[in-house]
Amino acid sequence: MERTDAHALARLHSEHGKALYTFLLGLTFGDRHRAEDLLQETLFRAWTHPEALESAHASMRPWLYTVARRIAIDARRARMVRPAEVGPDALEHSPAADDRTEQAVAVLDVRHALRLLSPDHRAVLHQIYFRGASVGEAAEALGVPAGTVKSRTHYALRALRAAMPGYGPGGSAGAGPRIAA
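Residues numbered from 1 in each chain as written. Predicted model: local features only at pLDDT ≥ 70, side-chain atom pairs only at ≥ 80, totals over all residues. Heavy atoms only, no water.

As a further point, take the overall build of the chain. Helix and strand content of the chain: nine helices and zero strands. The helix and strand sequence of the chain, counted from the amino end, reads α-α-α-α-α-α-α-α-α. Per-residue burial for the chain yields a buried fraction of 26% across its 181 residues. If you take every contact in the chain between residues at least 6 apart in sequence, the share linking residues at least 24 apart comes to 55%. Taken as a whole, the chain presents about 12700 Å² of accessible surface, with 56% of it coming from carbon and sulfur. (Helix = DSSP H or I, 4+ residues; strand = E, 2+ residues; numbered from the N terminus. Buried < 20%, exposed > 50% of the residue type's maximum accessible area, 1.4 Å probe, protein only. Contact = heavy atoms within 4.5 Å. Areas by Shrake-Rupley, 256 points an atom, 1.4 Å probe, with all protein chains shown as cover.)

Okay, the confidence of the model for the chain next. Here the chain shows a mean pLDDT of 83. Residues at 70 or above account for 89%. Taking the mean pLDDT of every element in the chain, the minimum, 71, falls on helix α5 (residues 88–92) and the maximum, 95, on helix α8 (residues 135–142). Here residues 172–181 scores under 50 on pLDDT; set against residues more than four positions off or in separate chains, the count is 21 contacts. (pLDDT = per-residue confidence, 0-100.)

Another aspect to go through is the packing of aromatic side chains. Per the counting criterion, the structure on display carries two aromatic pairs. With a centroid separation of 4.4 Å and 25° between ring planes, the pair formed by F23 and Y65 is classed as stacked. Of this pair, F23 sits in helix α1 (residues 6–27) while Y65 sits in helix α4 (residues 61–81), and the two are 42 residues apart along the sequence. Classification of F23 as partly exposed rests on a relative accessible area of 24%. With centroids separated by 5.7 Å and ring planes inclined at 45°, the aromatic side chains of F44 and W47 adopt a geometry described as tilted. Of the two residues, F44 and W47 are both situated in helix α2 (residues 32–48); the distance of three residues between them amounts to about one turn of the helix. You can call F44 partly exposed: its relative accessible area is 40%. (Phe/Tyr/Trp six-rings, centres within 6.5 Å; stacked < 30°, edge-to-face > 60°.)

Glancing now at the pattern of salt bridges. Tallied over the entire structure, the rule returns three salt bridges. Among the ionic pairs, R34 bridges to D31, the shortest N-O distance being 3.5 Å. With a relative accessible area of 30%, R34 lands in the partly exposed category. Here R45 makes a salt bridge to E41, at a shortest N to O gap of 3.2 Å. Here the residue R45 and the residue E41 both occupy positions in helix α2, the gap between them amounting to four residues, near one helical turn. A relative accessible area of 29% means that E41 is categorised as partly exposed. (Salt bridge = Lys/Arg side-chain N within 4 Å of Asp/Glu carboxyl O.)

With that settled, the discussion passes to the side chain of Q127. Position of Q127 among the secondary structure elements: in helix α7 (residues 119–130). With residues near it in sequence (within four places) discarded, Q127 still touches G132, A133, A138, A141 and L142.

We now examine the packing of α1 against α2. Contact geometry of α1 with α2 gives a least axis separation of 10 Å together with a crossing angle of 145°. As α1 runs across α2, the sense of the crossing is right-handed. Taking contact as the criterion, the partners of L9, L12, H13, G17, L20, Y21, L24 and L25 in α1 are, on α2, R32, A35, E36, L38, L39, T42, L43, A46 and W47. For the contact of α1 with α2, a count of residues per class yields 12 nonpolar, three polar and two charged. (Axes fitted to C-alpha atoms, helices over the stretch in contact; angles between N-to-C directions. Left-handed = near helix turned anticlockwise from the far one by under 90°. Nonpolar A, V, L, I, M, F, W, Y, C, P; charged D, E, K, R; others polar.)

Here the focus is the environment of R70. Tracing the backbone shows R70 in helix α4. Accessibility expressed as a relative area gives 52% for R70, which makes it exposed. Sequence separation between R70 and T42 is 28 residues, and the spatial gap between their C-alpha atoms is 9.5 Å.

Approximately 170 Å³ is the volume found for the second largest pocket. Along its surface, the second largest pocket is lined by L27, T28, F29, D31, R34, L38, R69, A72, I73, R76 and R79. Here the lining of the second largest pocket is composed, by residue class, of five nonpolar, one polar and five charged. (1 Å grid on protein atoms, 1.4 Å probe; cavity = no way out; pocket = protein on both sides within 12 Å on 5 of 7 lines; lining within 4 Å. Points joined across faces, edges and corners; volume = space filled by probe spheres on them.)

Laid out in structure tokens, this is it:
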């Protein structure tokens, strides 16, 4: 396989390298490292295609710019299909995908808060939220009027909010489950 002469490649670099690098800086939005990589790849293509240097063109610059632009486009396309790169700081502060610690803590908090409620409030929440009963069904199961179920539900949720600071609309973002009325 024929390669470009080392002296011809050095001359090509000295004549066009700075202008080509500046052109590549524009294509990479000022990313010097990426522009250097693309310049190196462009010169590698010139080295592997000696027939391009032997053409009758007055200057090699148009060929070099075309090759560099195509390499830059290919590199951008390759980066776009890969997942975004993240630094080590992002990984240190993100929980593992299967980490259920926050969920377990929230369950423990809810259980503790439920123990603080009166038996009547606990029973109505059990019927409405855990069994999915309607107000009428809960009233029948508990042997109380529907209005009493609504009232107990309201006061039970209010007591839960008070027992669980940091959860719900007034709590910190992502602190846990929202307790809705």
